[in-house]
Each structure stands twice: as C-alpha cells, then as structure tokens.
There are 4 protein chains.
Amino acid sequence: MIIVMQSKASEDQVGAVVRRIDDLGLKPHISKGEFRTIIGAIGDESLLRPEFFAGLAGVDSVMPIMKPYKLASRDFHADDSVFEIGGVRVGGSGIVVCAGPCCIESDDQMREAALAVRKAGGGMLRGGAFKPRTSPYSFQGMGEEGLKILQAVGREVGLPTVTEVVDVRDVDLVVRYADVLQVGARNMQNFRLLTEIGRTDKPILLKRGPAATIEELLMSAEYVLSSGNHRVILCERGVRGFETTTRYTLDLSAVPNIQGVSHLPVFVDPSHATGRRELVVPMALAAVAAGAQGLIVEVHPHPEKAVSDAAQQLTPAAFAKMMNELAPIAQAIGRQVLAPSK
Amino acid sequence: MIIVMQSKASEDQVGAVVRRIDDLGLKPHISKGEFRTIIGAIGDESLLRPEFFAGLAGVDSVMPIMKPYKLASRDFHADDSVFEIGGVRVGGSGIVVCAGPCCIESDDQMREAALAVRKAGGGMLRGGAFKPRTSPYSFQGMGEEGLKILQAVGREVGLPTVTEVVDVRDVDLVVRYADVLQVGARNMQNFRLLTEIGRTDKPILLKRGPAATIEELLMSAEYVLSSGNHRVILCERGVRGFETTTRYTLDLSAVPNIQGVSHLPVFVDPSHATGRRELVVPMALAAVAAGAQGLIVEVHPHPEKAVSDAAQQLTPAAFAKMMNELAPIAQAIGRQVLAPSK
Amino acid sequence: MIIVMQSKASEDQVGAVVRRIDDLGLKPHISKGEFRTIIGAIGDESLLRPEFFAGLAGVDSVMPIMKPYKLASRDFHADDSVFEIGGVRVGGSGIVVCAGPCCIESDDQMREAALAVRKAGGGMLRGGAFKPRTSPYSFQGMGEEGLKILQAVGREVGLPTVTEVVDVRDVDLVVRYADVLQVGARNMQNFRLLTEIGRTDKPILLKRGPAATIEELLMSAEYVLSSGNHRVILCERGVRGFETTTRYTLDLSAVPNIQGVSHLPVFVDPSHATGRRELVVPMALAAVAAGAQGLIVEVHPHPEKAVSDAAQQLTPAAFAKMMNELAPIAQAIGRQVLAPSK
Amino acid sequence: MIIVMQSKASEDQVGAVVRRIDDLGLKPHISKGEFRTIIGAIGDESLLRPEFFAGLAGVDSVMPIMKPYKLASRDFHADDSVFEIGGVRVGGSGIVVCAGPCCIESDDQMREAALAVRKAGGGMLRGGAFKPRTSPYSFQGMGEEGLKILQAVGREVGLPTVTEVVDVRDVDLVVRYADVLQVGARNMQNFRLLTEIGRTDKPILLKRGPAATIEELLMSAEYVLSSGNHRVILCERGVRGFETTTRYTLDLSAVPNIQGVSHLPVFVDPSHATGRRELVVPMALAAVAAGAQGLIVEVHPHPEKAVSDAAQQLTPAAFAKMMNELAPIAQAIGRQVLAPSK
C-alpha cells in the first residue's frame, strides 16, 4: 500500500503514518520527492485497509497495490477453474449454453422449452421459480411448485438445472431441487445470501450487479469462496448506462478483463442485458467470440404469451439457429460448445 | 398505455393488439397517422404491463402513461406524509438531522457521539450494528451487542435510533432495539427484506440504490407500503458515476424530483455519497437548500480511529459547526431544523 | 407526437395544446382517459419539436413517435449503404479492417506499420496527424508533414488512408491528403465541423461521443448527410462508464442496435475503448461476431516506443494473429474480410 | 510517478523501467516488497507521462502522484482567483447570477428579459446567438444580428454579457460584441477552440462536458490558461446519468471538489442540467449553499413562446422570487450576491 502525503504535510504527520504502519507489523518505506513524501507499507498488504490511513491528517491519497480479493484471483489459483455440473464441464476452453424460460409457468411450458433447449445443444436448463420483480404487483413466481417442475423436467431431458434464490430462508429448499443456485444482479451484494449459499455444496452462478465494478463482483465471489464453496461462475449481464433503447449496457470487455485476473468461469446473459430479442443473438455470438465460457439465454416456447420479459425471450427456432451460428465461432477461437453426454 | 406500431405493421397485427386490450377489459383507441398507427388502451392502466404488448408482432414500442407506483404517489396521497418518531416530526416542512458513527464500536464511542449529536441539535441517532461490507474480510459489525448499546445510549440522550437491517432473519431482533429500520442502498431491491420490514410497525429509512432510477426507488417503497407499513422515508445517497474523486455522484435534483411525484419524506446522506469529509458539509447544506426533509450524517468522536469509513466521518466540532450553518439556510426557505422536545 | 396532459389539466389547457397543433398545420386527436387526457398530433411530425408543447401549462410529458433523424434512417433508405473507398467496398456484408499507429511519428514508423497492416490483410491505413490531447502539454501531432507521410505510404502499400480532422480551418488541407476524414469522439457534436466535412466529397468516419446516445450519434450523422455528403461510417468506441480498469465501456450492442434503425455502415474501435492491448483482440473478434462492418485498430511497429497510447497499440505480430482469427468468425456469420484487390 | 511491476516481473523488466527513468533525467527509487517491486520516479513529474512506462513489459500499473494540470491548480495559485468583469467581481466570496434567455430571438425579447434580470439583481446577461443544436433541422441562432442585440441591450441595462462561441472562425466576431466568451459542454474538448479563445483578452466561461471528469475539465481550462488567458470561470452543468426524468445529473459535489484543488471560480447551470423549470430553483439554491461562486440561469419573458428549451426557462417573476431566496442562503455561509454597482 502506498500512502501519498499532501505537499504541505508536516514531519509529525509523516511520523504518524509511519507509526501506524509499524503498529500493524509492516515495514514503512519513505521516499521524499521534490514535491511530496510518499510512504510504502511493505509486507502482507492483506492486513491493511485504506481507511487505516485515509483518516490521518496530512494524507492526500492511499493506493492499494494488491487486489483486495484473494481466493478469486489468479495469484491464488493460476489455472482456470474447471468443474463438472451434471455431466457438463464448466470453465476452461468449453462453452456451456444455459437456456430456458424467464419464469417457470407450467409443466407444459417448461417441458416444451426444455426439449427445444436439449435438442439444439444446450448444456443446462434455466427457469425462475422465485422472481425478483421491480413491482410488488407483478407475478413473483410459482415457488416450490415451480422448483418441482424444473427438477422433473430437467431429469426428463437430461439437463442440469439453474434457478435463482432470492431469500436466505429459501436456500435449503432450492438446494433440494436445483443443480446450480443463481444469485441475481440485484442480490450481488446481499452478503448474507452469499454467505449462506457459500455453505452449500451446489455450484453458484453469480450475476454482476448493474452498478458493480469488476472488483466488487470479485469481492462478492470472495464471500462465497471464503465460505467454503469453490464452484462459482461469474456472469456479466449488463451495467446501468445512459442509453435508453437497451435495458442495460452489456460490458463484454468484462469477459477477458475478469479472465485476466481471476480463474473463475465467466458467462454472459445477453437476454437481460439488452431486453430486446433482435439484439440477443448478435450479443450471444459476440460473447463467445470475446471468450465467454458460457451463456444464459431466455427461450420460451411461445414468447408472446410469456408472463414476464416477453420482448427478450427467443423462440425455439431462433435459439436453434443461434446454436448453429455459435459452433463455428467457438471453433474459430479453439473452443467448443459442450452439453451432457447422454 | 400507448402502443406504437411499426411503420409497416399489418392490419392483422393491429387487430391482435386491439384484441388483447379488449381481453384485459380496457377500451382500445386507434389513431391512424400518416406513418404509423398508434393504439391507446383506455381504462385502469394498473391492470396493464408493457410486456403484455411488447412481445406481439408489429409492435414498435409501448409507453405507459400512468406511473407504476400507486401508494407512493401524490395521486394517491396529495399532501406530504408527516409522522412522528420518538418525539420528532418527520416530513412536511421540518428538517431532521440524523447523525452518529458509521459503526457502533463500543459503549463509550457511542455515548460520546450521541452526546455530541444531541448537543448540536441532531434529531435522531444512527449507528450500524450489522454492516454490509464489500469485503468478507472486513469487520461486519457488533450485532446484537451493538443494538443494545445503541438502544441504551439513545434512551440516555433522548434520541430515537436508526440502524440498518441486512437479513430477513434479523428483522425481529432489530425491531426490538431500534426506532427506525434502515434498508441500505445495496438492499434497495432485496424484495423479501422490503416485504418483511413492511410487516413491522417501525418506520423505514429506504436508501436509493446506486444504479436505481427514481421510479425504481419508488417501486421499492411500494413494496413496503403495500405490505401495510406507511411510514417510509426515502434517502438519496449518491448514484454510480464515472468521477473517481468522489465515491458516488450525489444526485440532489432527486430531492425536488421525488417530492414532485411522491408524498414521502426525502432525506439525503452526504457522507456515503461523497466519502470525503471536506465535501460532506457543503453537500449537507446544499441538500437542505434543495428541500431535503432530513439528513443522515456520520459523526465519530475520533474519526481517525474509526474501524470503517474513517475519511468521511465528521468530528463533533465539525458537526456542531454544520448545524449552525444549516439553521439559517432552512429558515431562508421557510423550514426549520427539528429535534425531540426534551 | 403524443402530448400527455397532467391529471388535473383544465379544459383551457387542453384547448391551448390543440390550438398549437392546429397552428402548426397538423391534426389534433384527443383521447380522454379515466385519469388523463392524451392528445396526438397527426401529420408530418418532422414539423414538430417537443419544446413546442413542453412549455405549455398542464402538459405532463411529450412523446415523439417518429425518429428525429431522417436521412440516416432505414425509413429513408431501406437497404444497407454500400460505397467504395480506394478499391475497398464498405458497408453491407463486407468487413474492412482499418489499422495503423495512433500517431504518425516518422516516415519509417509509418511505412513499417503500413507494410504490416497490408500484409496481414488490412483494408485501410490509419494514422493521426492532428491529435486531440487532453493535456496541452502532450504532443499534438506532426500536422501537414504527417499528412504527407500518410499519403505517400498509403499509395506505396496500396491502402486508402483515414485521418482525423480537428479544426474546421484544416478541412481543405486534410482533404488534399487523406481518403477518409475521421471525426473523433470529442468532436461528435462539433456541429460546425460536421457541416464543413459534409460539404467535402470524402467519406466520413464519425465516432460516437463517450456520452452520446445512439440517437445523438445519428443526429450528428444527419448533419453530415444533410450537408450533401452521403458516405458516412459510424464508429462505436466506448462510452463513459464507472469501471476504472478499462478506459471506456465498449457498447457492442450498439452495432446491431444502430443497424436496425440506420442503413449506414457501423465500425468498432476496440483500441480506444479498452485502452489495454490484451483486451483489444477479444473485443475485435466480438465486434465482428456482433455484426460490425469494420474495425479500427491501432498497430505500431514498436508500441513500447510510441509517443501516445503505448499500452493499447498492437504489435504487427499480434495484429496478424488477430486477422487470422477474424476470418473464420466473419465466415461463420456469412461475412468476409475485404481489402483492396491489388 | 509510481510504477508497479507485475508480481512475476523479471529483473530485466525492472531494469528497463529504471533505465527509462534515468533517461528522462529523474531518479529511480526501487522498493522490493514481498509480492511486488514498486519503482518511484523522483523529480519533476511534469516531464513524465504514464505512457512512457505503460507500454513496457512487466509493468502492472502506473500511478501519477502529481496532478496533470498546473496553472489551474492551487499549488500554482493558492488563493481564489478573483477578477472584475464589467463592474462585477467574480470569484472569491461573491456570487454572480448570470441570467437571460436560452436564445436571442428579437430585440424586444432580449430587452424584456434583460430588464427583468437587472431588476431582480442579476449580475450578468446571457443569450445565445450561435446555438449548438443536436438536430441540423433546429434553429441555429441569429448569428451576428443576435450579437448586436445582446451588446446593445447589455449596455442599455448596464450588465456585462455572456454568449457562446461554437466555431474558431467566429472568435474575433464574438470578441467584438460580448464581455465573456462561453464554451459549451459539447465543446469542452474542442482543443483548437480552447487555444483560440485563450489568445483573446476576454474572460472565459468553460462548461463541463457531460462525460468529463473533473480532472478533464481542469485540463481543458489548462489549454486556455496556458494560451495566456487567466480569467477562466468553470461551470458545472450536469453529467450524463441513467435517470430519464432529468436531462442530466447535476453533480453539485463538483463545486467544493473543484474548489479544493483549483483557484478558479466555479459556477453552476441548473437550467441545462435539469431541463425542468420546477427543478431549476431548488438546484440554484442548493448550488449557492454548496459554495458556487455564480449561477447561469435561463430567463425568458414568455417561456411558452421560446424557440428552444421552453420547459426549462424561468419567467421573470419566478426569477425574481429565486433571487429573493438566494440572498439569505448566501448570507448564511458568509457570501453575498453581487451585481454591477450602477
């Protein structure tokens, strides 16, 4: 950590910083420049917080040198994390396409969607039983009944299932039915939920919050990892921007950006990011070209009848076409779209 | 609700929209322009969702005319909501300054802060017992022990208390100790938490999320209101922006903007918004001039020793000076800073 | 255009809106809903501006139905605009990669770069002679001497050239030397410059400003088009976001988003958007997968010696590798990377 | 400047950085930490650019210690810059309210506005003769005829005048008629324009661009200052945000934030920032409470007839009421609203 003193900082103020570094068991290292004094704190920076110094008189700014996350970083785990979920390998050079309706609406709807996903080469099945809705007057999901449908249909078609958990009190329930627990964008910094799911043995799909920096996303992953659960998939799904013709601004540069500093697999959700069907496919292809290790795409047998997010769900035919276009792009960069073997 | 058709929409596509409006029990109203057909859905718009139409073929865009929130709107409740909390009137033309340390650290620290707040004319006491921290390795708060300190000190100095609840499972616990339940910015769309606190009889201080529009903030308030709790205070605390020298970008125009459409009291938190002590006071004064009905300000007896947010906490002396500057500004716009009478 | 009245608007206020629509030669169309009156203005909306109504008493909001741009829209020109520049076809299903150094530094540097670009299959040569620099103390470019180098080297290797013009007084000068005039992101709303280059017969490469919506970008293109110059290429190069580890946030969804409403070719600049060499290649591949009709990429023979933007310029070897990966991705979506034939 | 090496940087890579520092005539200072090597470059940092190091192998990040602006900084000029413009003192503890219509429309309109501004205590008169309009089809201003009106009316009522210059070729013309040259937000990084107006002897009102950081604003001021013109007023007018109910997000914390690092006066434009009349007054009051040294407010004798920005212009009555509320707020923080003496 580097502490930059104000140009007029006194000797006493420099001394106070040095003493605090000493107190913390690190070694201070003073550089007196022509204009300012700069103090390095040498040693295990994980013992430090910028706030230990930011409050001291005469301090201009505090610059951490080390990343604040550990278990999520490539310094801790140099190679890509790769793990198996229900017969599909996630991470590394494989690409897994997780698809299904926004909301589980009925047994028929789910089965029709699942068969279409399976047939087109999808690797996982998604569907929401507990829906975080902006309005209290919107449909909030089928709850446990929906989970049962998802599990049954997933087994029937041979696809592992992903569903969102929105309440710490539901974690045990969802664990009984789903193969992957999803944490939605709005809950990315629901730290209690992160800690609870970190205690389960299910893989986690953690979505980036719309105002979260990449460092904050990795810090949230760190909550899960440090609770003992090492199977975390990160998911870019758009950040809040000023453009009004798309719902969010999909930050695809986050894919290689995260992969440079973290070993965790990175997925992309083009459906929620854009909110518009005609943009979903180009963004799915672009995500794969950017190096994404998976996608989450909304597919509904009859999007025009969907109870939520009608404008962004693909028809089975559009999804199948997308999967056909994906394969050669994956190949072009030495990757491969994966699905459960049987 | 207005449905704008694409310029090449067919008669059949127009017909499908009209049929759906009929099905929903509203009256369609067709305007054929030179370039496009526009369809109005006349009747109780609260029965409608844009997604009922956005998925239909030939639809270009869907424009709601009514606001999606009801109980929070001035259409529902024309006058300012005013309610009493522990002897202080909140809302309307009064201004309540809620102050105290970021984090409850000890009995002594809390008492020293509380006495300073009370003496300078503060109207409520704040302090965090459960802290939502970006890093799992940071101090997460004293928990119930902290709540006990807060309650005892609040009673001692005669100030109602505000503290954050971060977990649905803690609601009952916090209700036992605090006078106002705070929902932090990161939990603004933790809908389960909103519903649970909506079932309590404690007033709620709901902070705006860093990526939340004003409409989204009011929809979150709507969760609380529609659960039966009508005492909701909204709080602007900065939105995510691109400027790196402040923590967030404080959107003070949100104060009159919200007050124009909602009857709920609007507070401002200049401490978390800026993250820098020297900006807290000017922003506190500006918030009052903009019409804020309250402030939340961090005050610590010894900021340089604080375990969190050291750089943004005011000393008791700086806080007292701020309170002195506030009074005439409040007066200039016909308002008054309020505190419990005894 | 639709004018939504406030819920308490009087008959007189409605009458005033209706009169103004009449005055403008359009036909008013009144829908009285249960809660609000909505007034449509039927006829040629291009005669209208929202501000004609926004200032009237009783008006809640004004919603334009038609896009404010005309010549740039697909309503005006349904098919993709395709035009030839120095032997390369731009627009439609072709992909043109424009590459070269950020800044023209010397004859040798430019030649070395140009040969590398040509050899790897690049379709145009870029290089800055007039550099818009944030700091007045930074190198501002070689000026006319640089233009001469660019022209000579472009002819030598057989590539048309692109260079930025930053001053209306330089337009004639740059026209004499370059094949394409670039308008940088910071000048996207320098309307005088847009008008001047709109009077030349050179194709224009117009970059999106970092805070510009897609509609604003198209309105800036409209300045050029309405001045008589129909060969405009739009370029996404990142918008301002809150993430600090990239320079800008590349909005790749802008590519299909713009292509849906406009016939103009859309390029992407991954170099300025990310500012980091290791992100340039993944974003270039993603841009092509998203449907971009061209790229602008910075290539420098010796990036570590570059006078500007050192961290984002590719080496010739990295560029050649990128071009090899691009080809099969283009093919996967039915497109082809193009270069001048000889 | 501090250069942080990657954790796996080799001795050779460290050596290359050290050599470059030596070559530039500065002194390298190496700190070998447990995890990383950090190199300081001691000496006159103004000789350095981050790009001198960012391109070198093994470099993780480069952190400037000194601000990149000089003449605009308090290090260069510790006290507030104060200068006189047509009988009004700008800067320091005074507050100058500049008001007038968005657009000069006629002699009568301008005179009526000017008399209202003067009577209510305004200190300067504004009016646009050259308007930067998003659409080429919108009214672009009266040009020189407008300038003549502005000058004549300004002299008549005894107020110095402010008007925008949008083209380097118009600088001489505008200098002949106006007392202050305004650079609009969209031209904040039109560096040629900045250089040209920097050569005049007129004070400059420089607006912050909607995507500009505070540092970038100060760098643009540096262009003017380093061209020899020391009378620069900075103006916050809202940055691009995601909220759709206001035009921009007014960043009032920029006022004390800039004042902390720069000696230049800081004004605020609440009219363009919000775009809504009912938000202009609260934001004007808040700006003064935040410490702004001036305001620019749009006032039109008949806003409902204005040719541009109708929804945001105040009536003379509303402006007079605002001025009455401003005075005691200014007083509360030890400041005073100023106007020309006669």
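Before reading on, note that the structure itself is shown above.
Quantities reported herein were computed from a predicted structural model and do not represent experimental measurements.

Concerning the overall build of chain A
Now for step 1: Within chain A, the regular secondary structure consists of eleven helices and 15 strands.
Now for step 2: Taken over 342 residues, chain A has a buried fraction of 65%.
Now for step 3: Total accessible area on chain A is roughly 11300 Å²; 49% of this is exposed by carbon and sulfur atoms.
Now for step 4: The centroid of the 37 positive side-chain charges in chain A is displaced by 2 Å from the centroid of its 39 negative side-chain charges.

Points about the relation of the copies chain C and chain B
Now for step 1: Once chain C has been moved 0.0 Å along the axis and rotated by 180°, it coincides with chain B to within an RMSD of 0.0 Å. These values place the two chain copies in the arrangement generated by a two-fold rotation axis. Considering only C-alpha atoms, the residue of chain C closest to the rotation axis is Phe 242 of chain C, which sits at 2.2 Å.
Now for step 2: Interface overlap between copies: 100% of the residues of chain C at the interface are likewise at the interface in chain B, consistent with a symmetric, same-surface contact.

Describing the side chain of Gln 293 of chain C
All names here are of chain C.
Now for step 1: By the secondary structure assignment, Gln 293 is in the loop between helix H10 (277-289) and strand E14 (294-298).
Now for step 2: Since its relative accessible area comes to 2%, Gln 293 is described here as buried.
Now for step 3: Separated by 3.3 Å, the side chains of Gln 293 and Asp 80 make a polar contact.
Now for step 4: Engagement of the side chain of Gln 293 in a polar contact is seen with the side chain of Gln 259, the distance being 3.2 Å.
Now for step 5: When near neighbours in sequence (up to four residues on either side) are disregarded, Gln 293 contacts Asp 80, Gly 91, Gly 92, Gly 94, Ile 95, Val 96, Gln 259, Leu 264, Pro 265, Val 266, Phe 267 and Arg 335.

Brief notes about the interface of chain C and chain B
Now for step 1: Taken together, the 24 residues of chain C in the interface contact 24 residues of chain B.
Now for step 2: Carbon and sulfur atoms make up 69% of the area that chain C and chain B hide from each other, which totals about 2000 Å².
Now for step 3: It is Arg 36, Ile 65 and Phe 242 of chain C in chain C that bury the most area against chain B; as a group they hold 23% of the surface buried on that side.
Now for step 4: Counting every contact that joins chain C to chain B gives zero salt bridges.
Now for step 5: Here chain C and chain B share zero residue pairs in polar contact (both at pLDDT 80 or more) between them.

Quick look at the pattern of salt bridges
Between side chains of opposite charge, a pair can form as their charged atoms come close.
Residues and elements named next belong to chain B.
Now for step 1: The full count for this structure, using the stated rule, is 65 salt bridges over all chains.
Now for step 2: Linking Asp 80 and Arg 74 is a salt bridge whose minimum nitrogen-to-oxygen distance equals 2.7 Å.
Now for step 3: Between Glu 298 and Arg 126 there is a salt bridge; the shortest N-O distance is 3.9 Å. Within this pair, whereas Glu 298 is found in strand E14 (residues 294-298), its partner Arg 126 is found in strand E8 (residues 124-126), the two being separated by 172 residues in sequence.

About the cut-offs
- Residues numbered from 1 in each chain as written.
- Chains lettered and ligands numbered in written order.
- Predicted model: local features only at pLDDT ≥ 70, side-chain atom pairs only at ≥ 80, totals over all residues.
- Heavy atoms only, no water.
- Helix = DSSP H or I, 4+ residues; strand = E, 2+ residues; numbered from the N terminus.
- Buried < 20%, exposed > 50% of the residue type's maximum accessible area, 1.4 Å probe, protein only.
- Areas by Shrake-Rupley, 256 points an atom, 1.4 Å probe, with all protein chains shown as cover.
- Lys, Arg positive; Asp, Glu negative; His and termini not counted.
- Charge placed at Lys NZ, Arg CZ, Asp CG, Glu CD.
- Least-squares fit on C-alpha atoms with pLDDT ≥ 70 in both.
- Contact = heavy atoms within 4.5 Å.
- Polar contact = N/O pair within 3.5 Å; in protein donor to acceptor, adjacent residues only side chain to side chain.
- Buried area = accessible area lost by both parts, 1.4 Å probe.
- Salt bridge = Lys/Arg side-chain N within 4 Å of Asp/Glu carboxyl O.

In short, geometric facts, not functional conclusions.
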